[in-house]
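As a plain string of letters, each chain reads:
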Amino acid sequence: MALLFLTDERFLEHVAGKKHPESPARLEAVWKGLDNLFLGDDLVRIEPRIATETELLRCHPIEHIKALEALDANGGGRMDPDTRISKGSWDAARLAAGSGLAAVEALIQTQAETAFCAIRPPGHHATSNRSMGFCLINNIAITAASLIAKGEKVAVIDIDAHHGNGTQEIFYSDPRVLMISIHQWPLYPGTGSEEEIGELEGKGFTVNVPLPPGATGSTYRSALDKIVVPLVEDFQADWILVSAGFDAHREDPLTDMGLTSGDFADLTLNLFNLAPKNRCIFFLEGGYNLQALTDSVTASFASIMGINSRPESATGDGPGVEVVNRVAKSHGVIL
Ligand SMILES: [Zn+2]
């Protein structure tokens, strides 16, 4: 069993701002989470690579790329009130975007079971022409776009506590990408209602599961069983890409959800088992309590690697099951 691990010290160079929750220390917390597993030779380091302009252009117009480049060349600045370019950010962003591409190449070559891109800045809030919510460019979308360009079908499952609005927007009318986001509602960025289901040829291929604050592991497991598993199986995805935000943890300072690291272990294992062999990639998104982030990474990859390491038990009895049932029904899943 091998886990490909893509990360880079250059991701530490991106500084979102003084006392900003999306800090370089987050990445070190993630590294610690994997170190705790002592995977030895089962952890295979793969060098990320910088995404090329052609690869970025699949998701972002040239004007937006040029605007980011110009800001970087001028020493940095703000893209929105909480999204900033510092010295080193643009290199980090293009390297984060290229990590998933390198993971695809390495999974095909090595036949390793799965890959984890421990990257920052995160990506899922970045729309085609707007950097927002700590995200400059959309890492997971750039990988999905490169796969569909080769004729593959991609399911993107976003378990970050915030709605994956950027990924949704980029593929909103594209039936080659099934985008399912499970998130807290209401919460930043304010999108991700049940009624947002895609448009034109993409109608029905966007699925939103907006859960109430306090939702626990049982609700998430129910969303997986009743929505994610049947829809992904029906879609016949060639690849599963996971926006692995860990900010639905109950200790997270930015959200109000009720998950523990034990719940993340269940979620990631279920998503891994749902994917075709060697075709599952996890992308780091949010997660702002450092200890919770370490524990969640430890528990998640322990479960995939078959190691018994759960810093916290799974949770149950939270709200939101009625939302799960309603979304399943509206997307034609027969319960
Ligand atoms: Zn988030």
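Anything mentioned here points back to the structure above.
Everything quoted here is computed from the prediction, not taken from an experiment. The numbers attached to residues start from 1 for each chain and follow its sequence in the written order. Reporting of local features is limited, given that this is a predicted model, to residues whose pLDDT is at least 70; pairs of side-chain atoms are given and counted only at 80 or more, and all residues count toward the totals for whole chains, interfaces and linings. Side-chain numbers here rest on the full set of heavy atoms in the structure, without hydrogens or water.

Q: Please clarify how the packing of helix α7 (residues 217-235) against helix α8 (residues 261-274) should be interpreted in this entry.
A: If you want to describe how two helices pack, look at the angle between their axes and the distance between the axes. Helix axes are fitted only over the stretch in contact, all axes being lines through C-alpha atoms; the angle between N-to-C directions runs from 0 to 180 degrees. Under the DSSP-based scheme used, a helix requires at least four consecutive residues in state H or I and a strand at least two consecutive residues in state E, with every element numbered from the N terminus. Contact pair α7 / α8: the axes reach a minimum separation of 10 Å and the direction vectors enclose 10°. Viewed along their axes, α7 and α8 adopt a mutual orientation that is roughly parallel. Across the interface between the two elements, G217, Y220, R221, L224, V228, V229, V232 and E233 of α7 pack against D263, D266, L267, N270, L271 and L274 of α8. Split by residue class, the contact of α7 with α8 holds 8 nonpolar, 2 polar and 4 charged. Any angle that is under 35 degrees is reported as roughly parallel, and any over 145 degrees as roughly antiparallel; angles of 65 to 115 degrees are reported as roughly perpendicular and all others as oblique. Contacts are assigned to residue pairs with any non-hydrogen atoms lying within 4.5 Å of each other. Amino acid classes used here: Ala, Val, Leu, Ile, Met, Phe, Trp, Tyr, Cys and Pro are nonpolar; Asp, Glu, Lys and Arg are charged; the rest, including Gly, are polar.

Q: How do you make sense of the nonpolar core when you look at a structure like this?
A: A general feature of soluble globular proteins is that nonpolar side chains tend to end up buried together. To form a nonpolar core, buried Ala, Val, Leu, Ile, Met, Phe, Trp, Tyr and Cys residues must be joined to one another through side-chain atoms within 4.5 Å. For each residue, the accessible area found with a 1.4 Å probe, counting protein chains only, is set against the maximum for its type, and the residue is called buried under 20%, exposed over 50%, and partly exposed in between. Among the nonpolar cores identified, the biggest contains 106 residues, and F116, V232 and I281 are the most heavily contacted of them. A total of 12 residues in this core trace back to one element, the largest contributor, which is helix α4 (residues 89-110). Setting aside chain neighbours within four positions, we find I281 in contact with G100, A103, V104, L107, T114, A115, C117, W239, I240, L241 and V242.

Q: What's the story with the packing of α7 against helix α10 (residues 321-330) in this structure? I'm lost.
A: Two numbers describe how α7 lies on α10: the axes approach to 9 Å, and their chain directions differ by 10°. Relative to α10, α7 is oriented roughly parallel. Two secondary-structure elements touch here, α7 through T219, S222, A223, K226 and I227 and α10 through V321, V324, N325, V327 and A328. For the contact of α7 with α10, a count of residues per class yields 6 nonpolar, 3 polar and 1 charged.

Q: Would you explain the environment of P230 in this entry?
A: Considering the arrangement of structural elements, one finds P230 in helix α7. Among all residues touching P230, those that are not within four sequence positions of it are L224, D225 and V333.

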